[in-house]
Amino acid sequence: MFYIIKNLKNSSINQISEELGRDYRTVHSFAKEVMKSSEKDNILKKLLETNWR
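Rules used in this analysis
Residues numbered from 1 in each chain as written. Predicted model: local features only at pLDDT ≥ 70, side-chain atom pairs only at ≥ 80, totals over all residues. Heavy atoms only, no water. Salt bridge = Lys/Arg side-chain N within 4 Å of Asp/Glu carboxyl O. Helix = DSSP H or I, 4+ residues; strand = E, 2+ residues; numbered from the N terminus. Buried < 20%, exposed > 50% of the residue type's maximum accessible area, 1.4 Å probe, protein only. Arc of directions from axis to C-beta. Contact = heavy atoms within 4.5 Å. Core = buried A, V, L, I, M, F, W, Y, C linked by side-chain atoms within 4.5 Å.

Counted by the stated rule, this structure contains 2 salt bridges. R25 is paired through a salt bridge with D23; the nearest N and O atoms lie 3.1 Å apart. Two residues, E33 and K36, come together in a salt bridge whose shortest N-O distance is 4.0 Å. Note that E33 and K36 are positioned in helix α3 (residues 24-40) at a spacing of 3 residues, about one turn of the helix. For E33, a relative accessible area of 41% translates into the label partly exposed.

Have a look at this one:
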């Protein structure tokens, strides 16, 4: 989950799912929930906007 969150800004869902060996729909569903939650949670939004590299 943390890998998905960390890489959402710089990678496609397809690329992340391939790197993790997970189904595209699973990764997409989780990423969608994270993005939806970030709209409501200012701290999460700031974390997603931060470049963690």
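Having put the structure on the table, let's press on.
Let us look at helix α2 (residues 13-20). Of all the positions in α2, only I13, I16 and S17 are classed as buried. All buried residues of α2 project into a common sector of 100° when viewed along the axis, lining one side. Turning to α2, the residues buried within the fold contact α1 (2-7) and α3. Trailing α2 by a residue or two, G21 shows a phi angle of about 70°, which is positive.

Mapped onto the elements, S17 comes out in helix α2. With residues near it in sequence (within four places) discarded, S17 still touches R22, D23, Y24 and V27.

Here we come to the nonpolar core. I4, I5, L8, I13, I16, V27, A31 and V34 form the largest nonpolar core, which has 8 residues in total. When residues of this core are assigned to their parent elements, the largest contribution, 3 residues, is made by α3. Not counting chain neighbours up to four residues away, the residues in contact with V27 comprise I4, I13, I16, S17 and R22.

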